[in-house]
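Per-entry structural report
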Amino acid sequence: MGTTGNRKDVIAIVVVFFLAVILEYLEAFSLIEDEMLSYRQILRTHYADPELTSPSEDILIVFTDEAFYEEYDKYPLRRVDLSTVIVRLKEMGAAVIGVDMLLDFNSAYGEDPTLEDALRVAGNVLLVSQAEFKGNEFVGINTAIPRFDELTEPGYSNISPNSAISESIVRLHVYPEIGDQEGWPFAIKAVSMFVGAEPELAGDTLIIGDIEVGLDQFSEIYLDYPMLPAGRDGTARLHEVVGMSVSDILFAEDEEELEDLAYLVDGKIVLIGEVAEVAHDEFETPVGNVFGVSIIATTISTILRGGPLQSASIWLEILVILILMGAFIATRSMQEPLKRNLVSLGVLIVYVAGTVLVYVYGGLILSLSYALLASVITIVVINARFYLNEMGQKALIRDAFGQYLSPKVVADLVKDPEKLSLGGEEREMTAYFSDIAKFSTFSEALTPTQLVNVLNDYLTEMCNIIIGLEGTVDKFEGDLIMAFWGAPTIQQDHAKLACFASIDMSKALVPLREKWVGQGRPSISVRMGLNSGPMVVGNMGSAQRMNYTIMGDSVNLASRLEGANKAYASGTMISEATYNACQADVDVRELDTIRVVGRTDPVKVYQLLERKNQTSGNIADLATRFESALSVYKDGNYKDAMAGFAACLEIVADDGPSLTLMERCETYISEPPPSDWDGIFTLQDKG
């Protein structure tokens, strides 16, 4: 962790998040970001303040749809009839009449004079025009024909998606380069006419009278689509909620009928537009497919409300990304992959939930896709770094110690070359397994070179003891040592030798710990497991590669007992079979009767303490007190047993078996085991 090489992942993380900031500012992935905006907008329409999400009461859509054209019996709407609609809307009190129909050609039926008169009479008509671009360069405005243009206000329409791939309309682009001389977007001009003030741009703010709308770095206004009720065929369309058909006005039989409808029109911005499928004026938006005139209405409503959706400043975006990056870098200190990845997932969930909440309830737009992508890459980088480090350390350990074998095995093979053949024989033996507790945490604190040096010291010391007591080192698997007694030469006292070696190894760890701690290296604890019984021993493998090893159920049990130490924090655990074979030679304390993972038969287990009659001091007192408490525990008197184990802790405060059984007694007091419980505790994992 302390070397430059081990911090390459931090450098990679910083680079990834730096790129995320740059790409976010440039909106390089507008397709993905707009899609994520769409999901947030849907949530906003359902859960934000209804005053912000309900359709504006200042807007009315007068539409032509299929039902109108069926009754009208022609397409499109004739200009003479459009004239009638405009005049009647004016008489009904419309504040602004916006016509979303491009009238850039002369009528072939002599209808233009009639429409010209209507526009003159109304005096408050806004006609849609079209901004034209060549590539990204503005070339001009295509307005209505001069006779109409002179009598109306123009407003260009630029309804188009922000992404070249996505078709979703999420914002209105204001072109500062077009300027006051050329005109304003249709929606902005409609608001301008409605409030009686000319628009102006002041930096990144659009000002229309008392209305101020913030723009993002691309001079865009985010559209706040309203919540719409359910209709006959799903969600209603906006024109079904704040609209009326042209037929209601055009086919009205008298003024009284128009007066009855005037309350819907009076003082409002009235938009005349197509909602018939034949017009092909439909666009994809965050709330589904929406007609062009409805998008204009939504844009007007957004502006009238002061632009409720505001893009976060680049400094806020950077701050959020720095916090996110710092949180992921902090997870590098977590050695357990499950814990680390759960925390990383939690950070992502908090980030996503936060961006959604501030959007839904506060209208603040924080970019999501860029930081999300950077976060996913970061999680992959961190996990890859842990994986490569672990594999590198294991490889160094295997290369250094993989061929280590007891000289007795070599001598035996020299005397009897037939043992090089495949196969084995069954013997009564003792198997030994040991493992460094929390090896991942231990190895993470060291560089690979330091780790090899520490393990060299540890494995050399342990193997010297094993070989000194006539054991055979079977193999190393990382920090794990597997050894056995009883082969290749027959040893009648294999259980005693294995226990003596385990006791001596535990003692040898004390000066090693002191040495490492003095060098600023981590202290370690080792779990050991021993079992005696019938095992198959011999050369196992292929004709090309063999390994002199042991196999069998008794071997597996020894491995399980090594892991079972974790449940009791007992250091060295031996089976009843091992204890029975050497009980005249060792001091132990009985721990429990357990079922290990993968076995149905129970086994009584003991903690190995010392050579016979050499246990003294607090440990001797602890063993005596523990034996008494365990007897009470076996009788099912958990309350007194709990007190007994508590007394053990007064002797040795951190005694693992006492802590374990006291906690179990507490559980059994509140949740007694079944009446037919056999007293055997079943372990749930291998340790």
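Residues numbered from 1 in each chain as written. Predicted model: local features only at pLDDT ≥ 70, side-chain atom pairs only at ≥ 80, totals over all residues. Heavy atoms only, no water.

1. Brief notes about the overall build of the chain
Summing up its helical and strand segments, the chain has 25 helices and 27 strands in all. Relative to a compact globule of 687 residues, whose C-alpha radius of gyration would be 26 Å, the chain shows 41 Å and is clearly more extended. The principal-axis extent of the C-alpha atoms belonging to the chain is close to 120 × 55 × 45 Å. By residue count, 49% of the 687 residues in the chain fall in the buried class. Put simply, 74% of the contacts in the chain that link residues at least 6 apart link residues at least 24 apart. Just so you have it, the chain exposes about 32100 Å², and 53% of that area is on carbon and sulfur atoms. (Helix = DSSP H or I, 4+ residues; strand = E, 2+ residues; numbered from the N terminus. Rg over C-alpha atoms; globule rule 2.2 N^0.38 Å. Buried < 20%, exposed > 50% of the residue type's maximum accessible area, 1.4 Å probe, protein only. Contact = heavy atoms within 4.5 Å. Areas by Shrake-Rupley, 256 points an atom, 1.4 Å probe, with all protein chains shown as cover.)

2. Digging into the packing of helix α23 (residues 617-634) against helix α25 (residues 656-670)
Two numbers describe a pair of packed helices, the interaxial angle and the distance between the axes. Two elements in contact, α23 and α25, have axes whose closest approach is 12 Å; the angle formed by their N-to-C orientations is 20°. Here α25 runs roughly parallel to α23, going by the angle between their axes. Every pair of crossing elements has a handedness; the one defined by α23 and α25 is left-handed. For the pair α23 and α25, the contacting residues are Leu622, Phe626, Leu630 and Tyr633 in the first and Pro657, Ser658, Leu661, Arg664, Cys665 and Tyr668 in the second. For the contact of α23 with α25, the residue count by class is 8 nonpolar, 1 polar and 1 charged. (Axes fitted to C-alpha atoms, helices over the stretch in contact; angles between N-to-C directions. Parallel < 35°, antiparallel > 145°, perpendicular 65-115°, else oblique. Left-handed = near helix turned anticlockwise from the far one by under 90°. Nonpolar A, V, L, I, M, F, W, Y, C, P; charged D, E, K, R; others polar.)

3. With respect to empty space enclosed by the protein
Per the stated rule, a full pass over the model turns up 3 cavities of 30 Å³ or more. Of the pockets and cavities examined, the second largest cavity occupies roughly 60 Å³. Around the second largest cavity sit Pro55, Ser56, Ile59, Pro226, Leu238, Val242, Ala297, Thr298 and Ser301, which together line it. Considering every element that reaches the lining of the second largest cavity, the biggest residue donor is helix α13 (residues 292-304), with 3 residues. Looking at the lining of the second largest cavity residue by residue, the classes come out as 6 nonpolar, 3 polar and no charged. (1 Å grid on protein atoms, 1.4 Å probe; cavity = no way out; pocket = protein on both sides within 12 Å on 5 of 7 lines; lining within 4 Å. Points joined across faces, edges and corners; volume = space filled by probe spheres on them.)

4. What to know about the packing of aromatic side chains
Scanning the model with the defined rule gives 13 aromatic pairs in all. For the pair Tyr633 and Tyr638, a centre-to-centre distance of 5.7 Å together with 65° between the ring planes defines the contact as edge-to-face. In this structure, Arg79 is placed above the aromatic ring of Phe105, and the distance from its NZ or CZ to the ring centre is 4.5 Å. Lying over the aromatic face of Phe626, Arg589 brings its terminal NZ or CZ to 4.5 Å of the ring centre. (Phe/Tyr/Trp six-rings, centres within 6.5 Å; stacked < 30°, edge-to-face > 60°. Lys NZ or Arg CZ within 6 Å of the ring centre and 35° of its normal.)

5. What about the pattern of salt bridges?
Applying the stated rule across the entire model yields 25 salt bridges. Measuring nitrogen to oxygen at the nearest pair gives 3.5 Å for the salt bridge that ties Glu153 to Lys189. With Glu153 in strand β5 (residues 153-157) and Lys189 in helix α9 (residues 186-195), this pair connects stretches of sequence that are 36 residues apart. Residue Glu153 is classed as partly exposed on the basis of its relative accessible area, which comes to 33%. Close ionic contact of Glu425 with Arg427 constitutes a salt bridge, the shortest N to O distance being 3.0 Å. Relative accessible area serves as the criterion here: at 12%, Arg427 is assigned to the buried category. (Salt bridge = Lys/Arg side-chain N within 4 Å of Asp/Glu carboxyl O.)

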